[in-house]
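Breakdown of the fold
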Amino acid sequence: MSDEPEGGNLSETWYQKVLQDWDIDRLLTDLESRIQKRYRQNAKKDLLLGLLCGYSLTQISQDLYRVRAGVRVVLSNIYRDIETLTGEPDNSVRSSNLICILERHGYRKGVAASHNLPSPTYTEFIGREADMKKLLERLLPEHGAHMITVHGIGGVGKTALVLAAAYLCLEASNENSSDAPKFDAIIFTSAKQQELIPDMILQRQQGQRNLREIFRVIANALNDSTIIQSPPNDQFERVRQCLSKQRTLLIVDNMETIEDRDEVIEFLYNLPICVKVVITTRERIALLPISLRNLPLNDGLQLIQQQAEEKGITIQDEDSSLLYDRTGGIPLAIVYALGQVSSGYSLNFVLDQLASATGDVARFCFDESVQNIKGQPPHKLLMSLAIFPDSPIQAAVAEVAGLTSAPDSVNNGLVRLQQLSLVNLNSETKRYEMLSLTREYALAQLSAYPDFEKEARKRWVKWYLNFAYRYGGEDWENWIHYDRLKEEEGNLRAVLYWCKNQDHYAEVRDLWLLLNHYANLYAYWDDRLDWLQWLIEQSELRGEWSSLVKFMIRKTWLLIRECSPQSLTQADEILQRAWVLRDHADSCVQADLAESMARLRIRQNNYIDARHWLTVEEKLAIEANLDERQHIRYFIPVLYHRAEIFYSEGEYFSTKKLFQDVMKSAEKINWHRVINSAQNWLADIAIDQGDRDEAQKLLIKGLTVAESSNNKRRLARYQRSLARWEKKWGSVQKACQLSIQAINSFEQLGMTRDAQEMQTLLDCP
């Protein structure tokens, strides 16, 4: 500063310089008024002017010919005065934040911020409200964040979000409004090497891919050639000096493609506190990250509509939903797809291209990230994750990838995939999630490695067979674990379909036998009959007569439950044939077959034959020489169906006694579904006999259990009984509501007769 005037002229020079940007007279007046001391005729004024010029303690001391220690004391007093004026916390004001604080309190004049922001590529920024709010909060001067990262896969909208925030800041800065953080300079640098446009992936020739190029952009934005003219080793310090004089927003776009990344991060980390740095990257960096995922459905559909209108395209709601699903809600993919449509391509063609791993969108979003992990555990984990249609747990992924013996490789590999924004760990479910677009790309990667895919698929099937063996089976054995099956239902069904398509009959057979009870009672699998018919055909084709009988029994169980004249006739034919083949099955399966015969005859109101078949079932269970628990398991249905027959005959005393015996026996083996079902029958008896309080007590208790166990059939029957109770003693309106709920449930379960009977109850006055 040797070119500055000396003595008293220096203070006047500083005053004129500060006057351009600051309302200095108002500031001095407010200070004098607040602290009741004179500032204009005081040395404090000169020191305050020096601070507002952006000069350091050393520079001010030298230029005013003051002792450094004395200047430090006076500056400390100024900071305290500013706290008194502005109401800032004690000892919070210092040289590094003085300008920001005075600016926030309105003492800076409205000077247009310098910037080099590229023009927006959109007319309206859609969605990301929560992310935008978080970013703007972190850009505020009082927020402790100095470096902020915005990360996500390519095309998810990182740059768009940051630029939208930067333009809000620019507008607030130029209009001196409080709508967004204000900056004196907003500088945008980008190391992006490619742009995706509707016709191709465009290679960018320009970009700031190293620290020297970033310095050049900063120099041009600030119109300060001294930065570039300085020796290379001095440029960093010169940039620091320039940026320390103003509040600056520095955006570093596409950090993952910068060549000297560590050096750049070190530079950014050491910038003055008045500089806010925002980094966009596909790789997660632990610097106060904001993680971007796909747009939610409503925002995605809004973006589709906006882009369609801008491009003069008419798109139906159904096609919009299809486009959202195919793009996975990735904004760039949506914009690209509609750009292709506007160029003349059909929507169907564009949708097919989106699913292609060799298409422009997939290559732009994923190629660079995946190229760096090929041949390594993260690549195996990525391909393995794609096999699961629903988000899997870590143990399943590790097994399918063949990495169970290398837990460190699994943990590090999954962390790496998250850093690359290829997968996301849901903190609530602890499952690994993948966008549909990412999954399509990863499946294509899987197909490119057929040997790995073959082994991975084997491990996938084996893992779910073991899983179903642990948590499936009959509900008297494992009912408490059916919630685990519910969590994996989508993946279990995927295994079944894949094995069927690959003609892996044995795997479908074993898995279905483990899932049959769950699928029939606790889930709405509307394709159960189709699966059982396929298994019947395949087992007969292979001469597996024992399995054939099992599947015939299970199919008739559903047909009898449907209870239409056609389904009962079909069930009768199948059971007659199964009885001919009974010697191929063991005594337990034959007992199940006899029970099915009895159930059929009850639905046909043939109680004489029904009792005969229950006697046959009881005899077969005795001949099987089962252990006590198994014997109770096969004895309970005999009691249960005998009680059902007595109820149909109006013998309530015998019915009640038998259902009480059923409950006692079921309690011995913890067969909670049967206990719950017997309570329902007892409640119906109480309703029929006019015992209002007993019926209500049984229904309330039973409904709670049915709801907690998620047994769809039991829940529907409790709704039916409650509707009867309400119609007889309670609210007619509530009875109608419960009847409608029961009808809907019966129809979903394929229980035609029950739905019709419920409709009759609803229609009766």
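What you see is a predicted model; the values in this text were computed from it and never measured.

Here the focus is the overall build of the protein chain. Helix and strand counts for the protein chain come out as 38 helices and ten strands. Whereas a compact globule of 765 residues would reach a radius of gyration of roughly 27 Å, the protein chain reaches 38 Å, over 25% beyond that. Projecting the C-alpha coordinates of the protein chain onto the three principal axes gives extents of approximately 120 × 60 × 55 Å. Within the protein chain, the proportion of its 765 residues that are buried is 53%. Sequence-distant contacts in the protein chain: of pairs separated by 6 or more residues, those separated by 24 or more amount to 67%.

Across the sheet, six strands lie side by side as E1-E3-E6-E7-E2-E8; this open sheet has parallel pairing. Of all the strands in the sheet, just strand E1 (114-115) and strand E8 (289-291) have a single pairing partner and so form its edges. When strand E6 (residues 248-253) meets strand E7 (residues 275-281), the two strands line up parallel, connected through five bridges. Across the sheet, residue Thr 248 finds its bridge partner in E7, namely Val 275. Helix H9 (residues 211-222) rests against E1, strand E3 (185-190) and E6 of the sheet, and its axis sits at about 150° to E3.

Let's shift gears to the environment of Ile 279. Structurally, Ile 279 is set in strand E7. Accessibility expressed as a relative area gives 0% for Ile 279, which makes it buried. Spatially, the C-alpha atom of Ile 279 lies 68 Å from that of His 631, the residues being 352 residues apart in sequence. With near-sequence residues (within four places) excluded, Ile 279 lies in contact with Met 147, Ile 148, Thr 149, Val 150, Val 252, Met 255 and Leu 268.

A few words now on the nonpolar core. Core analysis: the largest hydrophobic core is formed by 152 residues, its most contacted members being Leu 135, Leu 139, Phe 366, Leu 417, Trp 460 and Trp 512. The element best represented in this core is helix H22 (residues 450-471), accounting for ten residues. Those residues in contact with Leu 417 that sit more than four places away from it in its chain are Ile 373, Pro 378, Leu 381, Leu 382, Leu 385, Leu 422 and Val 423. By size, the runner-up hydrophobic cluster in this structure holds 40 residues, among which are Phe 659, Trp 681, Ile 687 and Ala 742.

Here the focus is the pattern of salt bridges. Applying the stated criterion to the full structure yields 32 salt bridges. Close ionic contact of Asp 224 with Arg 238 constitutes a salt bridge, the shortest N to O distance being 3.5 Å. One end of the pair, Asp 224, is in the loop between H9 and helix H10 (226-229); the other, Arg 238, is in helix H11 (residues 232-244), with 14 residues separating them in the sequence. Exposure remark for Arg 238: the relative accessible area of 21% places this residue in the partly exposed category. A salt bridge links Glu 540 to Arg 577, with the shortest nitrogen-to-oxygen separation between them at 2.5 Å. Of the two residues, Glu 540 sits in helix H27 (residues 528-541) while Arg 577 sits in helix H29 (residues 565-580), which places them 37 residues apart along the sequence. The exposure class of Glu 540 is partly exposed, given its relative accessible area of 31%. Here the salt bridges do not stand alone but share partners, grouping Arg 431, Arg 484, Glu 487 and Glu 488 into one network.

Enumeration over the complete set of coordinates arrives at 20 aromatic pairs. Relative to Phe 267, the ring of Phe 236 lies with its centre 5.5 Å away and its plane at 75°, an arrangement referred to as edge-to-face. Residue Phe 236 is located in helix H11, and its partner Phe 267 is located in helix H12 (residues 261-269); the two are separated by 31 residues in the primary sequence. With relative accessibility at 2%, the residue Phe 267 sits in the buried group. Among the aromatic side chains, those forming a connected cluster through ring pairs are Phe 388, Trp 463, Tyr 464, Phe 467 and Tyr 471. The ring of Trp 531 carries the charged tip of Lys 500 above its face, separated from the ring centre by 5.1 Å. It is Arg 611 that lies over the ring of Phe 646; its NZ or CZ is 5.3 Å from the centre.

With that out of the way, let us pick up the packing of helix H17 (residues 360-371) against helix H21 (residues 436-447). Look at H17 against H21: their axes get within 10 Å of each other, and the N-to-C directions meet at 65°. Along this stretch, H17 crosses H21, giving a crossing that reads as right-handed. On H21, the residues that touch Val 361, Ala 362, Phe 366, Asp 367 and Val 370 of H17 are Leu 437, Thr 438, Tyr 441 and Gln 445. Here the contact of H17 with H21 is composed, by residue class, of six nonpolar, two polar and one charged.

This paragraph deals with unusual backbone geometry. Most of the time, phi is negative for any residue but glycine, and the peptide bond is trans. The backbone of Gln 36 sits at a positive phi, close to 60°, despite the residue not being glycine. By the secondary structure assignment, Gln 36 is in the loop between helix H2 (24-35) and helix H3 (43-52). A positive phi angle, close to 50°, is found at Asn 625, a residue other than glycine. Along the chain, Asn 625 turns up in the loop between helix H31 (607-623) and helix H32 (628-648).

With that settled, consider the confidence of the model for the protein chain. In the predicted model, the protein chain carries a mean pLDDT of 87, and the fraction of residues at 70 or more is 94%. Low pLDDT (under 50) marks residues 1-7, which in the prediction has eleven contacts with non-local residues, meaning those over four places away or in another chain.

This part takes up the pairing of strand E2 (residues 147-151). When you tally the buried positions in E2, you get five out of five residues, the bulk of the element. Covered by surrounding structure in E2 are Met 147, Thr 149 and His 151 together with Ile 148 and Val 150, the residues of both alternating faces. The sheet contact formed by E2 and E7 spans five bridges and is parallel. Paired with Ile 148 across the bridge in E7 is Val 278. Of the strand pairs in this sheet, E2 and E8 are connected by three bridges, and their pairing is parallel. Bridge pairing in E8 places Thr 149 opposite Pro 289.

Attention now goes to the side chain of Ser 539. Summarising the element assignment, Ser 539 is placed in helix H27. We classify Ser 539 as buried; its relative accessible area is 0%. Dropping the residues within four chain positions of it, Ser 539 is found in contact with Tyr 505, Glu 544, Ser 547, Leu 548 and Phe 551.

Let us look at the side chain of Asn 424. For Asn 424, the position within the fold is in strand E9 (residues 424-425). The exposure class assigned to Asn 424 is buried, which follows from its relative accessible area of 17%. Beyond its immediate sequence surroundings of up to four residues, Asn 424 is in contact with Arg 284, Arg 293, Arg 431, Tyr 432 and Glu 433.

The rules we used
- Residues numbered from 1 in each chain as written.
- Predicted model: local features only at pLDDT ≥ 70, side-chain atom pairs only at ≥ 80, totals over all residues.
- Heavy atoms only, no water.
- Helix = DSSP H or I, 4+ residues; strand = E, 2+ residues; numbered from the N terminus.
- Rg over C-alpha atoms; globule rule 2.2 N^0.38 Å.
- Buried < 20%, exposed > 50% of the residue type's maximum accessible area, 1.4 Å probe, protein only.
- Contact = heavy atoms within 4.5 Å.
- Pairing = 2+ DSSP bridges.
- Axes fitted to C-alpha atoms, helices over the stretch in contact; angles between N-to-C directions.
- Core = buried A, V, L, I, M, F, W, Y, C linked by side-chain atoms within 4.5 Å.
- Salt bridge = Lys/Arg side-chain N within 4 Å of Asp/Glu carboxyl O.
- Phe/Tyr/Trp six-rings, centres within 6.5 Å; stacked < 30°, edge-to-face > 60°.
- Lys NZ or Arg CZ within 6 Å of the ring centre and 35° of its normal.
- Left-handed = near helix turned anticlockwise from the far one by under 90°.
- Nonpolar A, V, L, I, M, F, W, Y, C, P; charged D, E, K, R; others polar.
- pLDDT = per-residue confidence, 0-100.

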